[in-house]
Amino acid sequence: MKDFKGKVAVVTGGGTGMGRELCRQLSREACHVAMCDMLVENMAETKSLCEAEAPSGTTITTHKCDVSVERDMQRFRDEVEDSHGPLVNLLFNNAGISGGGSFLTDEREDWEKTFGVCWYGVYYGCRAFVPMLVASEEGHIVNTSSVNGFWATLGPTVPHTAYSAAKFAVKGFSEALIGDLRVHAPHVGVSVVMPGHIGTSIALNSGTVLGKTPVLELSEQEVRALRERMMRSSGPETEAIINMSDEQIKQAMHDQAVRFRDNAPMAASEASAVILEGVRRNSWRILVGEDAHGLDEKVRANPEMAYEPGFWSFDIE
Ligand SMILES: NC(=O)c1ccc[n+]([C@@H]2O[C@H](COP(=O)([O-])OP(=O)(O)OC[C@H]3O[C@@H](n4cnc5c(N)ncnc54)[C@H](O)[C@@H]3O)[C@@H](O)[C@H]2O)c1
C-alpha cells in the first residue's frame with residue numbers, strides 16, 4: 001500500500017506511544033482513523049492532536065475497548081462499521097502491556113492479563129477486522145510483536161515470561177498468515193513489528209491497565225514485595241537495595257519508568273514512521289531501532305548463548 005490517503009485504519013492502543021503516533025501520522029496523510037484504548041483521556045488527547053493536524057474531511061473516532069475481551073473487540077468493530085462503513089484497509093494491532101514477568105512467583109491474574117492483551121488482543125483484533133480488510137480492495141495487517149518475540153528475556157536475571165510468550169505467538173501467527181493470505185486473500189498483506197527500546201509510557205501504563213496501585217502510592221506491604229522482587233533481579237546491587245527506605249524504593253521504580261520513556265534511543269514518532277514505511281514497502285518483518293537490528297543479528301548468530309549472562313552486555317555496531 002503506497003498511499004494512505006482516503007483509506008480507513010483501525011489502531012488499537014491509540015492512547016499514547018506508538019499507537020498515538022501512528023494515528024497522527026496516518027491522519028496527517030488524510031487516512032481515516034478509528035482508534036481504541038482502555039485509557040480514554042489519553043485517547044481523547046490523541047484525537048485532538050490528530051484533528052489539529054489532519055486535512056479537513058478526515059474522520060477520527062475513538063472507542064473504549066479492552067482488546068483482551070472479545071466482546072469489547074466485537075463492539076469496537078460494530079462501532080467502526082457504524083462510523084466508517086463496512087471496509088477497513090489497515091489494521092494495527094498495537095495495544096500492549098508488560099507484567100507477569102515470573103511464571104513462578106508473579107500472580108497468575110497478571111500473567112494471564114498480560115498474555116491476554118499482547119496475544120489475544122492481536123488474535124481478537126484479527127478475528128473482528130480481517131473480514132473487513134478482505135472485503136476491501138487493498139488491506140494490510142500490522143501486528144506489533146517485539147524483540148521479545150525472538151528473544152524471550154530482558155536480561156539474565158529479569159524474568160519476562162508472559163510478555164515474551166505472547167510476543168512469540170504474535171510473531172509466529174503473523175508469519176503463518178503470510179502464506180494463508182497469499183492463498184485466500186492476496187490483496188491483503190501482513191507485517192510483524194519488532195521494536196527495540198522505544199520511548200513510550202508503557203512502563204507507566206501497564207500497572208494502570210493491570211489495576212495496580214500507582215507505584216508512588218504503594219502500601220508498606222506492597223513495597224516489601226517490590227523490594228524482594230528487586231533484590232532477586234539485582235545481582236551485586238542487593239546491598240544497596242536493602243539500605244533503601246520505602247520512599248526511595250517507590251521513587252526508584254517510578255524514575256525507572258520515566259527514564260524508559262524519556263531516555264530511549266528512539267522516539268515513538270520515529271518508530272511509527274519506520275512502521276508506516278515498512279507497510280509502504282510491504283515488508284513482512286519490520287525491525288524498529290538499531291538495538292532491534294543488532295539483537296536480531298546477535299541472536300541469529302549465536303542462539304545457544306542467547307540466555308547466558310554475558311550475552312546481555314552486547315555492543316551494537
Ligand atoms: N516501547 C517499547 O520499547 C516497545 C518495545 C517493543 C514492543 N513494544 C510494543 O509496542 C506496542 C505499543 O506500546 P508502546 O510502547 O507505544 O506503549 P504505550 O503504553 O505508550 O501504548 C500502548 C497503548 O495500549 C493501550 N492498552 C494497553 N492495554 C490495553 C487494552 N487491554 N485494551 C486497549 N488498549 C490497551 C495503552 O493504554 C496505551 O495507550 C505494544 O504492543 C508494546 O508491547 C513496545
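Residues numbered from 1 in each chain as written. Predicted model: local features only at pLDDT ≥ 70, side-chain atom pairs only at ≥ 80, totals over all residues.

**Regarding the overall build of the protein**
Within the protein one finds 11 helices and nine strands. By the compact-globule yardstick of 20 Å for 317 residues, the protein fits well, its C-alpha radius of gyration being 20 Å. Taking the intrachain contacts of the protein between residues at least 6 apart in sequence as the baseline, contacts between residues at least 24 apart amount to 73%. (Helix = DSSP H or I, 4+ residues; strand = E, 2+ residues; numbered from the N terminus. Rg over C-alpha atoms; globule rule 2.2 N^0.38 Å. Contact = placed C-beta atoms within 7 Å.)

**Describing the domain arrangement of the protein**
Domain boundaries in the protein define domain 1 (8-200 + 266-312) and domain 2 (213-263). On a C-alpha basis, the centres of domain 1 and domain 2 stand 29 Å from each other. On the side of domain 2, four residues touch domain 1, which itself brings four residues to the contact. Looking at the side of domain 1 that touches domain 2 residue by residue, the classes come out as one nonpolar, three polar and no charged. (Domains from an automatic or database assignment. Nonpolar A, V, L, I, M, F, W, Y, C, P; charged D, E, K, R; others polar.)

**Some remarks on the site of the ligand**
By nearness alone, 32 residues border the ligand, and Gly13, Gly15, Gly17, Gly96 and Thr200 come closest of all. Secondary structure elements with two or more residues in the shell around the ligand: α1 (17-28), β2 (32-37) and α6 (202-209). For the shell around the ligand, the class distribution of residues is 14 nonpolar, 16 polar and two charged. (Near = placed C-beta within 6 Å.)

**Structural notes on the environment of valine 88**
Positionally, valine 88 belongs in the loop between α3 (70-84) and β4 (90-93). Valine 88 gets classed as buried once you count the C-beta atoms within 10 Å, which come to 26. For valine 88 and histidine 140, which are 52 residues apart along the polypeptide, the C-alpha to C-alpha distance reads 9.2 Å. With near-sequence residues (within four places) excluded, valine 88 lies in contact with Val8, Val10, Val80, Phe129, Met132, Leu133 and Ser136. (Buried ≥ 20, exposed ≤ 12 C-beta atoms within 10 Å, placed from the backbone.)

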